[in-house]
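Coordinates in review
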Amino acid sequence: MSAATLNHDGAFAAARRRLRFGPLWLAAPGLAFLAIFFLFPVLRLLGLSVQDLETSAWTGDHYARIVATDVYFRVLMSTFRIAGLTALLSLLFGYPLAYWLAQLPERQRGLAILAVMVPFWTSYLVKTFAWMVILGRTGVINQILSGTGMSPLPLLHNEFGVMAGMVHAMLPLAVLTMLPVMTTIDRRLVQAAETLGAPPANAFWLVYFQLSLPGVAAAGLLTFISSLGFFIVPALLGGPQQTMLAQLIITQIQEMLNWAFAGALATFMLVAALVTCWVYDRLFGLSSLSGETSGRTGGGQGHLRSAGMKILSALAKASSALGGPVGRALGPKMMDRLLPLYSALVIVFLVAPALVVVPIAFTTSPFLDFPPPGYGLEWFRVYFNSDLWVSATIRSFAVAFATAVLATLVAGLAALALARSSSRWRGAIFAFFLAPMIVPRIVIAVGLFYLFAQIGLVATDLGLIIGHTVLALPFAFVAISAVVKGHDWRLDQAAATLGANRFRTLMLVTVPLIRGGLVAAFLFAFITSFDELTVAIFVSGGVKTTLPKQMWDDMILQLNPTLAAVSVVVFAIVMALLLMAEWLRRPAR
Amino acid sequence: MLSPLAQARTAPVQAGAAATPKLLVDGLTKRYGAITALEPTRLEVPAGEFLTLLGPSGSGKTTLLQMICGLVEPSGGRILIDGQDETRTPVHKRDIGLVFQHYALFPHLTVAENIGFPLRMRGVAPADLTRRVTEALEMVHLGHLAGRFPKELSGGQQQRVALARCFVYQPSVILMDEPLGALDKKLREHMQYEIKRLHRETGATIIYVTHDQEEALAMSDRICLMNHARIEQLGTPHDIYARPKTAFAADFIGVSNIFRGQVRRDGSGAPMLVTGNGSFRLSADTPDRPDGTLVVRPEQLDIDGDGDNEVRGEVVDTVYAGSETRVLVSLGGEETITVRLRRGTAPPRLGEVVAVRWRADAGVLVS
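Per the secondary structure count, chain B includes nine helices and 20 strands. On the principal axes, the C-alpha backbone points of chain B span a range of 75 × 45 × 45 Å. Within chain B, the fraction of its 367 residues that count as buried is 53%. Counting only contacts in chain B whose residues sit at least 6 apart along the sequence, the fraction spanning at least 24 positions is 67%. Carbon and sulfur atoms form 49% of the exposed surface of chain B, whose accessible area is close to 16,500 Å².

Right, let's get into the overall build of chain A. Each helix and strand in chain A was counted, giving 27 helices and zero strands. Computed over its C-alpha atoms, the radius of gyration of chain A comes to 26 Å, within 12% of the 25 Å expected for a compact globule of 589 residues. By its C-alpha atoms, chain A is 80 × 70 × 55 Å across when sized along the principal axes. For chain A, the accessible area works out to roughly 26,500 Å², and carbon and sulfur atoms hold 69% of it. Charge separation in chain A, taken as the distance between the mean sites of 38 positive and 24 negative side-chain charges, equals 12 Å.

Unlike most non-glycine residues, B:A104 shows phi in positive territory, near 50°. With respect to the element layout, B:A104 can be found in the loop between β6 (96–99) and α3 (111–121).

Counting through the fold element by element, A:S78 comes out in helix α4 (residues 70–102). Setting aside anything within four residues of it in sequence, one finds A:S78 in contact with A:Q241 and A:T243.

Looking now at the sheet that holds strand β13 (residues 278–281) of chain B. Residue and element names in this part refer to chain B. If you trace the five strands from one edge of the open sheet to the other, you get β13-β12-β11-β14-β20, paired in antiparallel fashion. Edge strands, defined here as strands with exactly one partner in the open sheet, are β13 and β20 (364–366). Ignoring which end each strand starts from, the neighbouring axes of this sheet average 40° apart. Here strand β11 (residues 257–265) runs beside strand β12 (residues 271–275); their pairing, made up of five bridges, is antiparallel. When the sheet's bridge partners are listed, R264 is paired in β12 with M272.

Now for the pattern of salt bridges. All names here are of chain B. One pass over the structure, following the stated rule, counts 29 salt bridges over all chains. With its nearest N and O atoms 3.2 Å apart, the salt bridge here joins K22 to D82. Of this pair, K22 sits in the loop between α1 (4–16) and β1 (23–32) while D82 is found in the loop between β4 (76–81) and β5 (84–85), placing the two residues 60 residues apart along the sequence. Judged by its relative accessible area of 16%, K22 falls in the buried class. Through salt bridges with shared partners, one network takes in D26, R42, E44 and R78.

Let us look at the confidence of the model for chain B. All names here are of chain B. In this model, chain B carries a mean pLDDT of 88, and residues with pLDDT of at least 70 account for 95%. Considering only residues more than four positions removed or in separate chains, one finds that residues 1–17, a stretch of pLDDT under 50, has 14 contacts. On the interface metric, ipTM, the complex scores 0.78, and its pTM is 0.79.

Quick notes on the rules
- Residues numbered from 1 in each chain as written.
- Chains lettered and ligands numbered in written order.
- Predicted model: local features only at pLDDT ≥ 70, side-chain atom pairs only at ≥ 80, totals over all residues.
- Heavy atoms only, no water.
- Helix = DSSP H or I, 4+ residues; strand = E, 2+ residues; numbered from the N terminus.
- Buried < 20%, exposed > 50% of the residue type's maximum accessible area, 1.4 Å probe, protein only.
- Contact = heavy atoms within 4.5 Å.
- Areas by Shrake-Rupley, 256 points an atom, 1.4 Å probe, with all protein chains shown as cover.
- Rg over C-alpha atoms; globule rule 2.2 N^0.38 Å.
- Lys, Arg positive; Asp, Glu negative; His and termini not counted.
- Charge placed at Lys NZ, Arg CZ, Asp CG, Glu CD.
- Pairing = 2+ DSSP bridges.
- Axes fitted to C-alpha atoms, helices over the stretch in contact; angles between N-to-C directions.
- Salt bridge = Lys/Arg side-chain N within 4 Å of Asp/Glu carboxyl O.
- pLDDT = per-residue confidence, 0-100.

Here you go:
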């Protein structure tokens, strides 16, 4: 029998080798693109960081300066503090929500996930603007407080403001990473634990929680790495104490043009991201990121494992000690409602900021009063009559469209190539295409800026498109790969036997059937570009301004209701795109 | 059974078959590293024939089929269609139809679009295309489902669409890779008739892969029995059933009772087989060989009847299967033989010791 299957599979593998419309080199355009516009600039930035400015000799001076200079060292520390806190809080707030989502019936879960995704699809600048409106000295919360006679609270330009903005931005990522792991946990195991004599708290902590740990770890990794590179939120919602590394890098480049020092700062960030990944890989295996169970998860190192078990037992004891009296005080009915109530509150926290912007966009006041004293279209008029805003909007659209086309094409070819390849390079190529997601954006942006400055791509639309495509490629690649994985290649064989050549097979059979993935890839790439600021700050050169860049400039100078109007338009465009994609993706049948 | 039209169409085709075979496989072989998927094989298929490749999985039948249609590249040998060497012709330029095991209908195309696909690839004019698709749909009795998508059809209906999609462009040779494997027994039998009918009506040359010996016996003009990456025996269903050449052939097709032993001649020169269960007379035309395996079919055995040979044993089981009853007789130890009970005979009691007899010319001695 084993010889038989081998034989059969062999026959099919050979058929694929012969049939596929291009071997592994279909991935070549993507590899070349990433080598030139991602790997090379990033490596050169790292190289710059160990070069002396004048003599080009090898030096560790820049690193020594970071560690020795108090200001820089404090920024480094606050970056890790804020990123760590963000990851921790996102896990703490996100876990119960994910737990609640996992046990909902499929239909309701889908709707709830849509709500959780709202911040995910909202532009960073829109989100941050919304938080400024909510938390400001005369913002929504403080006006409500003063309305009830209380003194205003300092909510903005401090640690609280930054954490609100960061956790709001990272919660969806944390929840959506934990959810797939939780939905695959067999809840009967918890019941089994209870029939075996475990009190509910033990059953949860020692069975369910432990099984959900890979998801928690993956969520922690992704939120931490993403948070490391933040600069919009700390710059606009934080104070000097919350300055983060990315802000420092931007200042170094924009104001001092100190490439070497910026390179050293970028290296710190990159190394931090890579070390985090490495630690995660050691503990859980990187493959578990994509939801695949690795053999390593269960095994674990002896004493680390038993220490973990002790901690969980202690947690179980603590929570049953706490849960008992609380449960008695609230009554069983209230206890059952606790989780849905909590989840509803978190969802409000996620959705509300995007909605707060809407009434302000229609205000008649020149200030950000809430609620607005009257309603009108004044600020939309300002928006559409401003050449600056209109040209930025058009450029953003054009760049995002070009980026989406380019990224979908390149990623699509690569995904097709890898899906049908059994080469030993497959894993490495796969990782390379995902790398721009792991390397902090600011590092890529600064590296690209240096490259573009030399080849004359600064302040060009092409420069923006290339930069955005580097950032969008991993998302497009993942979206297409996921669909291609489930594609039935026998249909391509069938088309060939029916007389279709490779090109017609691709166009008439493969592409229509992986359309969902292509549409998703296009959408991800479009939105990545449409919402992109990091590359735009450097590459636009102040001339080729995109919408996020224009918003950023305005928000730094002066908050005004035009920003709300712009936010509403951006939000509406993205929502329209999402709906259109959903409609396009729906299969014909 | 044959309609006059079908007879008129098939008769001349078969007459011309002797000249050039429709399909000639010449020394075709396939190796994957150290594993040989198909030993060098020669196979001639005359036009209009229904040939079945039968064998256990891993016997090389699917490899042979996939090389004929071009999905697998041969390691050696040639494939000739109508005398033309097609060994290196790419899949889409070969005039061959393949019906896939799981149909491989395009889920994004309607039934009519699926069937029209090969015509579109051949640049058939739209009006002609529509007419031929309609005809093909009528042929498989699915005219009313033209606008449906494959997902909306039952398994049997999907199978018919797959057949129509293949027959519609009248390829030189039609290959079918276990096309009924996914259907339940009842539907499978019905589809066997359908495929036979299509074969009769179109006069197509069909090469059919299956591992189901009953299906092979019921459908084929000839069966090509395969084992261990080579052809074990090639012949008509009756040939293979009545005159198996090897113990494997005897065992794979139908139920066989097998006795191994040494061949001797008695005083009159008649061949005998000396086995652990006694000495048995062999049929007079038995070829000369020192030893062999005697194959006797259950329906050739008779309990307490007449015959040249006899074994005695204890009845251990009777199996009622509707149209027939089989009796299992233990010869002592592990050995049992299967006897088909003659119609109208009462089955023996369990534990009864019976004499099982057969005529010398009923058995076949194989290697």
